[in-house]
Amino acid sequence: MLASTVSELSGALASRQISAVELTRACVARIDRVARELNCFISVDEEHALAAARRADERRARGEAGPLTGIPIAHKDILCTRSLRTTCGSRMLADYVSPYDAHVVEQLERAGTVLVGKCNMDEFAMGSSSEASHFGPVRNPWDKRLVPGGSSGGSAAAVAARLVPAATGTDTGGSVRQPAGMCGVSGLKPTYGVVSRYGIVAFASSLDQAGPLAKSAADLALLMNAMAGFDERDSTSLDRPKEDYGRFLDRDLRGLRLGLPREYFGDGIAPGVRAAVAEAVRWYESQGARRVELELPNAGLGVPVYYVIAPAEASSNLSRFDGVRYGHRAAEYRDLVDLYCRTRAEGFGAEVKRRILVGTYVLSHGYYDAYYVQAQKVRRLIARDFAQAFERCDVILGPTSPTTAFPIGAKVDDPVQMYLNDIFTVSAPLAGLPALSIPCGFDGVGLPVGLQLTGSYFSEACLLGIAHRYQQATDWHLRVPRETPL
Amino acid sequence: MSLTPDDVRRLARLARIAIEPAEEAAVLERLNRVLGLVEQMRAVDTRGIEPMWHAGDPHLPQGQRLRPDEVREKDQRAPYQSVAPAVEDGLYLVPKVIE
């Protein structure tokens, strides 16, 4: 049952082959058995989950079920939930229970999903390996000595290990797509503004966007149908007509123009990644798609630009954690300023502090124009490169990350090496574009490789269709990690 | 350019993060590595380029949506204060600021 996709489970629930309670029991039992060794959950709530499952079954009995009614899910622990604490992987919020639910949480609850728990992550979503958590590192189900990617690494590992059929993540510089790639699951970062940020603890507000992780692109479409939508409480939420994200799942690939940027296939890409991505490109060509060689001349500036803008916004957003209104407060202090300084020194981990300090620097007097404003200008150049590229192609293909998963501990002492993981994922959020990652094979040591598809604004349904066609012809997305057999 | 130990102390003060003297050298070294990485974007010629302040900019040229300036939220003081480290009579408690 847990090997099935959301779409299959939805069918089995609709035809009464299984009940939501049975499915939820199976998930919770597997979480009990497997989650600890992966450290992918921070909180699990069996009681709440079973109550929600019973409500889902009752709703179905009344004939009011939708496609997601009764589907167990997990949220990244940065989405506020009233029923479970929201830690952001931080000591600062280790015991924090939000007085309200995030919009995404409300939407998925309205659809009838069953929340089973909250997933581990890099502290405040700042990281590319899910090691920077107060609750310890997450392990990759394909090889427990390796990281699952980050920052939504707990969500990706939970879906990969078949603990839940789907989970939410957030993506600021690649935090949905990169762990999806490294764990062999599918993950989507929507166009900025499509999913409300209300109730998602803010990291870099001009970039943050929540997205789904699941086994297949078809499942991502089902989740997006519930997650997307206008929300007045997020001033950047876009008021657009409701759309069906599954409407192009059967799109014809003939004549599809595949953009292949020279910069995404250059040096520094692991041979196993290069080979798997090249094979996927050949498959699309065999289906009648056409290669369009192109250039994104400013792509290499994405990481430097991102690591100015994201820390700048983070330093501002995280100033709210002051030991006064919520979260950790230092036990001893001399005065108010000392209370702030000690609370923040104790409550934040090393990477979060580093980013706050970098952000403080690039926003400080005398450096604001040279760093922050300059980064926002180069960001426009990056967005323009994409706009020009999409005049010549329908979708841009490339690897999600330059390498497959790396060992736990390998990059923790070198922030620059860690940041360079994000080289192919930072550009889409900087430009506000939608992008997804799907599994496209394995490298020489059997680790999953992610294929990234980037599209123009609001092209999610097209991207999902292009990905779905590939998944109909391949079974990479259905492979079960070897260290967490069913 | 590289930061000095004085710069780190100044940034820590601005960011309200206490840094122990023993941590300073390591913090400085890693901050300088990060600033070395971001340095390459400073040389780009951006004359005449408008900053792109937010990711919705290409399809939201008018900027963020504003709603009418009116009170809509109901009073939530009690639930919001229930998660505070120290409150009394509906007030947040902090160390004395004015003698």
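Residues numbered from 1 in each chain as written. Chains lettered and ligands numbered in written order. Predicted model: local features only at pLDDT ≥ 70, side-chain atom pairs only at ≥ 80, totals over all residues.

A. Broad picture of the overall build of chain A. A count of helical and extended segments in chain A gives 15 helices and 11 strands. What you see for chain A is a C-alpha radius of gyration of 21 Å, in line with the 23 Å of a compact globule of 486 residues. In terms of its C-alpha atoms, chain A occupies a principal-axis envelope of roughly 65 × 55 × 45 Å. Taken across its 486 residues, chain A has 64% of its residues classed as buried. (Helix = DSSP H or I, 4+ residues; strand = E, 2+ residues; numbered from the N terminus. Rg over C-alpha atoms; globule rule 2.2 N^0.38 Å. Buried ≥ 20, exposed ≤ 12 C-beta atoms within 10 Å, placed from the backbone.)

B. Spotlight on the overall build of chain B. Along its length, chain B carries three helices and two strands. Secondary structure elements in chain B, listed N-terminal to C-terminal, are α-α-α-β-β. Taking 99 residues into account, the globule formula puts the C-alpha radius of gyration at 13 Å, and chain B, at 22 Å, lies well above it. If you line up chain B on its principal axes, its C-alpha atoms span 55 × 50 × 25 Å. In chain B, which comprises 99 residues, the share counted as buried stands at 18%.

C. Region of interest: the sheet that holds strand β8 (residues 290-294) of chain A. All names here are of chain A. Strand order across the open sheet formed by 11 strands is β1-β3-β2-β4-β6-β5-β10-β11-β9-β7-β8, with mixed pairing between neighbours. The sheet is open, and its two borders are formed by β1 (41-44) and β8, each paired with just one other strand. With direction set aside, neighbouring strand axes in the sheet form an average angle of 30°. As defined by bridge partners, strand β4 (residues 166-171) adjoins strand β6 (residues 209-214) across six bridges and the pair is classed as antiparallel. (Pairing = 2+ DSSP bridges. Axes fitted to C-alpha atoms, helices over the stretch in contact; angles between N-to-C directions.)

D. Expanded view of the nonpolar core. Val114, Ala158, Val159, Val164, Ala166, Val305 and Val308 of chain A are the most contacted members of the largest nonpolar core, which totals 176 residues. When residues no more than four places from it in sequence are discounted, the contact partners of Val159 of chain A are Val164, Ala166, Ala167, Val185, Leu213, Ala214 and Lys215 of chain A. (Core = buried A, V, L, I, M, F, W, Y, C linked by C-beta atoms within 7 Å. Contact = placed C-beta atoms within 7 Å.)

E. Spatial organisation of the environment of Pro439 of chain A. All names here are of chain A. Among the structural elements, Pro439 can be located in strand β10 (residues 435-442). A count of 29 C-beta atoms within 10 Å places Pro439 in the buried class. For the pair formed by Pro439 and Arg282, sequence separation is 157 residues and the distance between their alpha carbons is 15 Å. With residues near it in sequence (within four places) discarded, Pro439 still touches Gly184, Val185, Pro448, Gly450, Trp476 and His477.

F. Here's a closer look at the interface of chain A and chain B. At the interface, 58 residues of chain A touch 41 residues of chain B. Only α9 (302-317), α10 (336-347), α11 (350-362), α12 (368-392), α13 (415-419) and α14 (427-431) of chain A provide two or more residues apiece to the side of chain A that touches chain B. Here the element with the most residues in the side of chain A that touches chain B is α12 of chain A; it accounts for 12 residues. When grouped by side-chain class, the residues that make up the side of chain A that touches chain B number 36 nonpolar, 11 polar and 11 charged. (Nonpolar A, V, L, I, M, F, W, Y, C, P; charged D, E, K, R; others polar.)

G. The confidence of the model for chain B, seen in detail. Looking at chain B, the pLDDT average stands at 90 and 92% of residues meet or exceed 70. Interface confidence for the predicted complex, expressed as ipTM, amounts to 0.95; the pTM equals 0.97. (pLDDT = per-residue confidence, 0-100.)

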